[in-house]
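Commentary on secondary and tertiary structure
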Amino acid sequence: MNTSCRAGAELAVTGVGIVSPWGDTPEAADDARGAAVPGTYEWFDHRARLGPRGYRYLPPAAQYALAAARTALDDGGRPQAVPADRRALLLATNAGPAELLDAMDGVVLAEGAAGISPASAPYFAVNVLGNRLAAELSLTGFALTVATARTAALDALSAGALALAAGRCDSLVLAAVEEPPPARAAAGPGRPGEQGAGVFTLESVAGARARGAAVTATLRARSLFLPPTALDRAEGRARAGQVLTDALAALLVPPEGDAAPGGSAPPLLRLDLDDSPVSEAVAVAVAGLGASVTEADDAGGAGRAVHPGRRTGCLGPALAVARAVTARDTRRRLVVCASGAGHVALVRASPGPSHHSQESEHAEVA
């Protein structure tokens, strides 16, 4: 059982960008969770979103990531504020290239490898999806692809926090991107799955303050592993409960200097769990926080999973974080994600200084 729960840097969010079939705001994309994905790419016009030349042969997932990154830059993200070799890319996906790889398999079976288009051949590996994004933003420090089922986006946040704390970079662009499974794997006019992208521009809190950046929110992230077989025994469940309790407590320690109204109140909670023993252990530990379920979860009832079942995509949790960091109040929020394979990811979002000052101004007016 992974009990170290290493601490990374507090992450400052300076920009958020969303691209989805249901709308390009965190609220619209997040509210559509569980809906059937449109069966075509007609909702996304790469010519209008990216430019008339140079993007036609990129996989749709790569196009979504580029468009969302541009929105994040427009929102205030400034990775170019540091040298190129101090900028890094984190890509999170599970099924981003799935349909393209399925099509390539079909060509190989029918025609042999020589039949694969030179335009699509470079995308045989999942980590190549981020290449164009890294090139356009000159993210030359390092590039890391995380593909953990369900928790990949939140795991990438944890990895980014550790990289910043270790001094490996000064600025991060995190892109979570998904596509539905191949059309032949699903019946009906709509395909189950996730589609679109969420991009965050991140840096250390100290770095953002030093350059006078507007900080939308701050994040603290933790990733854990609970061996599913350990939960078969009472002592294993007790140990898992203690590990989770300690991790949650560390996560919720207020950031240094945080005097935000409501900073000591229980956080608003967002669960993204399946029906596994691992998720059950997580739900039990979280219940001890006294946290409130967010308004987005009311339809499912307090404490119930947002996405029960076998969903593996990581975009849903990324959208939950995007919604948390762009909330217009001063409440802290906690996003909790787990899968039956044993992966657990926890992210706490606290409002940025701009939210604090807005709240103070409203109080003075009142």
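In this report, the structure presented in the accompanying data block is examined. Position labels on residues start from 1 in each chain and follow its written sequence. Residues qualify for local features only when their pLDDT is at least 70, as the model is predicted, and side-chain atom pairs are given and counted only at 80 or more; totals for whole chains, interfaces and linings, by contrast, use all residues. Based on all heavy atoms of the structure, the side-chain values leave hydrogens and waters out of the count.

Section: the pattern of salt bridges
Basically, it comes down to this: Here, a salt bridge means any Lys or Arg side-chain nitrogen found within 4 Å of an Asp or Glu carboxyl oxygen. Starting at the N terminus, helices and strands are each numbered in turn, a helix being any DSSP run of H or I of at least four residues and a strand any DSSP run of E of at least two. Whether a residue is buried, partly exposed or exposed follows from its accessible area with a 1.4 Å probe, protein chains only, as a fraction of its type maximum: under 20%, in between, or over 50%, in that order.
Overall, the coordinates contain 13 salt bridges when judged by the stated rule. As a salt-bridge pair, Glu-10 and Arg-220 come within 3.0 Å of each other at their nearest N and O atoms. Pair noted here: Glu-10 is in the segment before strand 1 (11-19) and Arg-220 is in strand 6 (residues 217-225), with a separation of 210 residues, a long-range link. On the basis of relative accessibility, which here comes to 15%, the residue Glu-10 falls in the buried class. Since its relative accessible area comes to 12%, Arg-220 is described here as buried. Among the ionic contacts, a cluster of salt bridges with common partners joins Asp-30, Asp-31, Arg-270 and Arg-323.

Section: helix 9 (residues 277-287)
Basically, it comes down to this: Arc, as used here, means the arc of the directions from the helix axis to the C-beta atoms. Only heavy atoms matter for contacts: two residues are in contact if any of them lie within 4.5 Å across the pair.
Along helix 9, the positions that sit buried rather than exposed are Val-278, Ser-279, Ala-281, Val-282, Ala-285 and Val-286. The arc that holds every buried residue of helix 9, seen down its axis, measures 155°, which confines them to one face. Among the exposed residues of helix 9, those pointing more than 90 degrees away from its buried face are Pro-277, Glu-280, Val-284 and Ala-287. If you follow the buried residues of helix 9, they end up packed against helix 8 (234-251), strand 7 (268-272), strand 9 (333-338) and strand 10 (343-351).

Here we look at the packing of aromatic side chains
What counts, and what does not: The pairing test for Phe, Tyr and Trp rings, Trp by its six-membered ring, is centres within 6.5 Å, and the orientation test on the planes gives stacked under 30 degrees, edge-to-face over 60, and tilted for anything in between.
Counted by the stated rule, this structure contains three aromatic pairs. Taking 5.6 Å as the distance between ring centres and 65° as the angle between the ring planes, the aromatic pair formed by Trp-43 and Phe-44 counts as edge-to-face. Ring geometry for Trp-43 and Tyr-64: centres 5.1 Å apart, planes at 35°, overall tilted. Residue Trp-43 is located in the loop between helix 1 (26-31) and helix 2 (46-49), and its partner Tyr-64 is located in helix 3 (residues 60-74); the two are separated by 21 residues in the primary sequence. Taking relative accessible area as the criterion, Trp-43 reaches 22% and is therefore assigned partly exposed.

Some remarks on the environment of Asp-75
Mapped onto the elements, Asp-75 comes out in the loop between helix 3 and strand 2 (87-92). Residue Asp-75 is classed as partly exposed on the basis of its relative accessible area, which comes to 41%. As for Asp-75 and Gly-15, which are separated by 60 residues in sequence, their C-alpha atoms are 4.9 Å apart. Not counting residues within four places of it along the chain, the set of residues in contact with Asp-75 comprises Thr-14, Gly-15, Val-16 and Thr-216.

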